[in-house]
Amino acid sequence: MEHATVTTNPLIIMMINMTVVFIVLVSLIFVIKFIHFIDPTKQPAEPEVEEAPPTPVQPAPQPAPVIEEGVSPEIIAAISAAITAYGFSGQIKAVRIINHESTPWRASARFNNLQRK
Amino acid sequence: MEALNAFIVSIQAVWNDSGFSAFTMGNGIMILVGLLLIYMAFVKEFEPLLLGPIAFGCILANFPNTGFFGEEMNVMKAINFGITNEIFPPLIFLGIGAMTDFSPLLARPSTLLLGAAAQIGVFVALGGAMLVGFDVHEAAAIGIIGGADGPTSIYLSTKLAPHLLGAIAVAAYSYMSLVPLIQPPIMKLMTTQAEREIVMKELRPVTKFERVVFPIASTIFISLLLPPIAALLGCLMLGNLFRESGVTDRLSDTAQNSLINIVTIFLGTGTGMTMNANDFLRADTLLIIALGLVAFMGGTAGGLIFGKIMCRFTNGAINPLIGSAGVSAVPMAARVSQLVGMKSKPGNYLLMHAMGPNVAGVIGTAVAAGTMLAMLK
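Scope of this entry: the structure provided in the associated data block. This structure is a prediction, so every number in the text was calculated from the model and none was measured.

What counts and what doesn't
- Residues numbered from 1 in each chain as written.
- Chains lettered and ligands numbered in written order.
- Predicted model: local features only at pLDDT ≥ 70, side-chain atom pairs only at ≥ 80, totals over all residues.
- Heavy atoms only, no water.
- Helix = DSSP H or I, 4+ residues; strand = E, 2+ residues; numbered from the N terminus.
- Buried < 20%, exposed > 50% of the residue type's maximum accessible area, 1.4 Å probe, protein only.
- Areas by Shrake-Rupley, 256 points an atom, 1.4 Å probe, with all protein chains shown as cover.
- Expected span 1.5 Å × (residues − 1).
- Contact = heavy atoms within 4.5 Å.
- Axes fitted to C-alpha atoms, helices over the stretch in contact; angles between N-to-C directions.
- Parallel < 35°, antiparallel > 145°, perpendicular 65-115°, else oblique.
- Left-handed = near helix turned anticlockwise from the far one by under 90°.
- Nonpolar A, V, L, I, M, F, W, Y, C, P; charged D, E, K, R; others polar.
- Buried area = accessible area lost by both parts, 1.4 Å probe.
- Salt bridge = Lys/Arg side-chain N within 4 Å of Asp/Glu carboxyl O.
- Polar contact = N/O pair within 3.5 Å; in protein donor to acceptor, adjacent residues only side chain to side chain.
- Core = buried A, V, L, I, M, F, W, Y, C linked by side-chain atoms within 4.5 Å.
- Phe/Tyr/Trp six-rings, centres within 6.5 Å; stacked < 30°, edge-to-face > 60°.

1. With respect to the overall build of chain A
Looking only at helices and strands, chain A features three helices and two strands. Expressed as a percentage of its 117 residues, the buried residues of chain A come to 21%. Only carbon and sulfur atoms are counted for the fraction: they give 63% of the accessible area of chain A, which is about 9,800 Å².

2. Focus: helix 8 (residues 120-131) of chain B
Counted at 1.5 Å a residue, the expected span for helix 8 of chain B with its 12 residues is 16 Å, and the 17 Å between its end C-alpha atoms agrees. Within the sequence span of helix 8 of chain B, burial applies to Gly121(B), Val122(B), Phe123(B), Ala125(B), Leu126(B), Gly127(B), Ala129(B) and Met130(B). Summarising the contacts, the buried residues of helix 8 of chain B are in contact with helix 1 (10-38) of chain A together with helix 9 (136-143), helix 18 (283-313) and helix 20 (351-376) of chain B. After helix 8 of chain B finishes, the residue Gly133(B) shows a positive phi value of roughly 110°.

3. Focus on helix 10 (residues 150-160) of chain B
Side chains that are three or four residues apart share a direction in an α-helix, a result of its 3.6 residues per turn. The buried fraction of helix 10 of chain B amounts to 10 of the 11 residues, a majority that puts the element mostly inside the structure. Taken together, the buried positions of helix 10 of chain B are occupied by Gly150(B), Pro151(B), Thr152(B), Ser153(B), Ile154(B), Tyr155(B), Leu156(B), Ser157(B), Thr158(B) and Leu160(B).

4. Some words on the packing of helix 1 of chain A against helix 20 of chain B
At their nearest, the axes of helix 1 of chain A and helix 20 of chain B sit 9 Å apart, and the two run at 130° to each other. With respect to helix 20 of chain B, the element helix 1 of chain A is oriented oblique. Note on packing geometry: the crossing formed by helix 1 of chain A with helix 20 of chain B is right-handed. Judged by residue contacts, Ile13(A), Ile16(A), Asn17(A), Val20(A), Val21(A), Val24(A), Leu25(A) and Leu28(A) of helix 1 of chain A engage Ala360(B), Ile363(B), Gly364(B), Val367(B), Ala368(B), Thr371(B), Met372(B), Met375(B) and Leu376(B) from helix 20 of chain B. For the contact of helix 1 of chain A with helix 20 of chain B, the per-class residue count stands at 14 nonpolar, three polar and no charged.

5. Comments concerning unusual backbone geometry
All names here are of chain B. Pro331 follows Val330 through a cis peptide bond whose omega is -10°. Along the chain, Pro331 falls in the loop between helix 18 and helix 19 (332-344). The residue Ala148 is not glycine, and still its phi comes out positive at about 55°. Here Ala148 is to be found in the loop between helix 9 and helix 10. The phi angle at Ala329 is positive, at roughly 35°, despite the residue not being glycine. When you line up the elements, Ala329 lands in the loop between helix 18 and helix 19.

6. Quick notes on the interface of chain A and chain B
Listed per partner, the contact involves 44 residues of chain A and 52 residues of chain B. Considering only the surface of chain A that becomes buried against chain B, Leu25(A), Ile32(A) and Ile35(A) emerge as the three largest contributors, covering 15% of it. There are zero salt bridges connecting chain A and chain B. Counting across the interface, chain A meets chain B through three residue pairs in polar contact (both at pLDDT 80 or more). A breakdown of the residues in the side of chain A that touches chain B according to their chemical character gives 26 nonpolar, 13 polar and five charged.

7. Quick notes on the nonpolar core
Membership of the largest hydrophobic core comes to 131 residues, with the highest contact counts inside it found for Phe102(B), Leu105(B), Ile142(B), Ile145(B), Phe214(B), Ile363(B) and Met372(B). A total of 15 residues in this core trace back to one element, the largest contributor, which is helix 20 of chain B. Look past the residues within four positions of Ile142(B) in its chain and what remains in contact with it is Ala129(B), Phe134(B), Leu164(B), Ile168(B), Ile288(B) and Leu291(B). By size, the runner-up hydrophobic cluster in this structure holds six residues, among which are Val71(A), Ile92(A), Val95(A) and Met342(B).

8. Notes on the packing of aromatic side chains
Residues and elements named next belong to chain B. All chains considered together, the criterion is met by five aromatic pairs over all chains. Their ring planes at 35° and their centres at 5.9 Å tell us that Phe88 and Phe266 sit as a pair that is tilted. Here Phe88, found in helix 5 (residues 88-99), pairs with Phe266, found in helix 16 (residues 249-273); they are 178 residues apart in sequence, far enough to count as distant. You can call Phe266 partly exposed: its relative accessible area is 33%. With 5.8 Å between their ring centres and 50° between their planes, Tyr175 and Phe296 make a pair best called tilted. With Tyr175 in helix 11 (residues 165-177) and Phe296 in helix 18, the pair connects residues that are 121 residues apart, well separated along the chain. Accessibility expressed as a relative area gives 9% for Tyr175, which makes it buried.

9. Some details on the side chain of Ser245(B)
Residues and elements named next belong to chain B. Structurally, Ser245 is set in helix 15 (residues 230-245). Looking at Ser245, its side chain comes within polar contact range of the main-chain oxygen of Phe242, at 3.4 Å. The contact partners of Ser245, leaving out residues within four places of it in the chain, are Lys208 and Val212.

10. Some thoughts on the environment of Leu113(B)
Inspection of the secondary structure assignment puts Leu113(B) in helix 7 (residues 112-117). Sequence separation between Leu113(B) and Ala360(B) is 247 residues, and the spatial gap between their C-alpha atoms is 8.1 Å. Beyond its immediate chain neighbours, meaning those up to four positions away, Leu113(B) contacts Phe22(A), Val26(A), Ile29(A), Phe306(B) and Met310(B).

So, in structure tokens, the structure goes:
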């Protein structure tokens, strides 16, 4: 339904619109939380384990990942996203380009090795 | 002698009907603009899928005497019908929905706030456009460039300022392709090294139930609240439902491949066809392109500022860099967050975290468009 424009003051238009956008998206947060709340398939939350007192031992510094030359940051990002999507956490230690001319037996052995890890 | 006369008359008729007889300097300039856009699309690879058809449509629109927009129906008129009657943008959204994974958003719904905050650029540009003399409808259509969402920009322009459609579409898609150049300096300027190095906690797993119910519930909620964008949002969520239901693989495959490719060709060519010399070669076009940049920068800054606020309130659990992904530009803006984060701390992968605000930005831009339509139309 068309109606007369309420105001032409840019500041008022900005404030009204930003407020509406925030209200709608905040409401959507509650919709998402409600969906999660009523989800009959969700896993029950694991009881929180009390944290052990901090040990005086300094944790070993995380080594920087070893990235082979020719592997772009986009490829690293895609590998990282795929690993996260499968539910694994942690840090990538190294990325190496596998020789595609390898024999099927060697590839199979490598696959089995990865499966065991 | 009679044969010579007939020959001369025929040659004159061919000349009078040819494009050369009515060719203007403006047409020549616009064809050069089209060639420049083709260079940007195919050589520089700036959004080639859309900028390519837009550029070619621009060249086609500047041939005189083609009769594209005359009385008789023809293919170009049919394509234009799809643009002016808001048919193509919702169909594009159907495909985008089928390609979108809302899981990062569902796992961390607070990132919707970043998608909302990034819309500040839309309204900053709206204010700026009104200050330089555009009326409120034109200003709203220009402002939506800041949402970094091409189909929504085209949708709002055709409703509020159809005469500016060509300039707005070109500005929107050009800046979307320039996201990797525009955003990083702003991100580095507005965040500290310590903030950029924040490693975010792993996202919780999202169940199929949540992924299926979300598109249905959000469509009902938003479409009831903002009916003007029911077509856009409904198609986005329908496409997503095809993807997530797990029983409509064929429909999902069609929506995210064949359908979106076909509609992209029509949408791009049709948008380019609006770029004729009379409508495009005006000082307003330069202003629109400048305001579009302001909108993009404002949106990026808005998302980053809110990211910093969330970082403070969560005791450093949120890396503010993901805020810049609140401008839509899926998935380019999320990739920029990832790359800037990785440069600051190798091994800090923000991509999945940034996808939350990124898809929230798509919803946020549609909501901003719906709010402006409800208020101004």
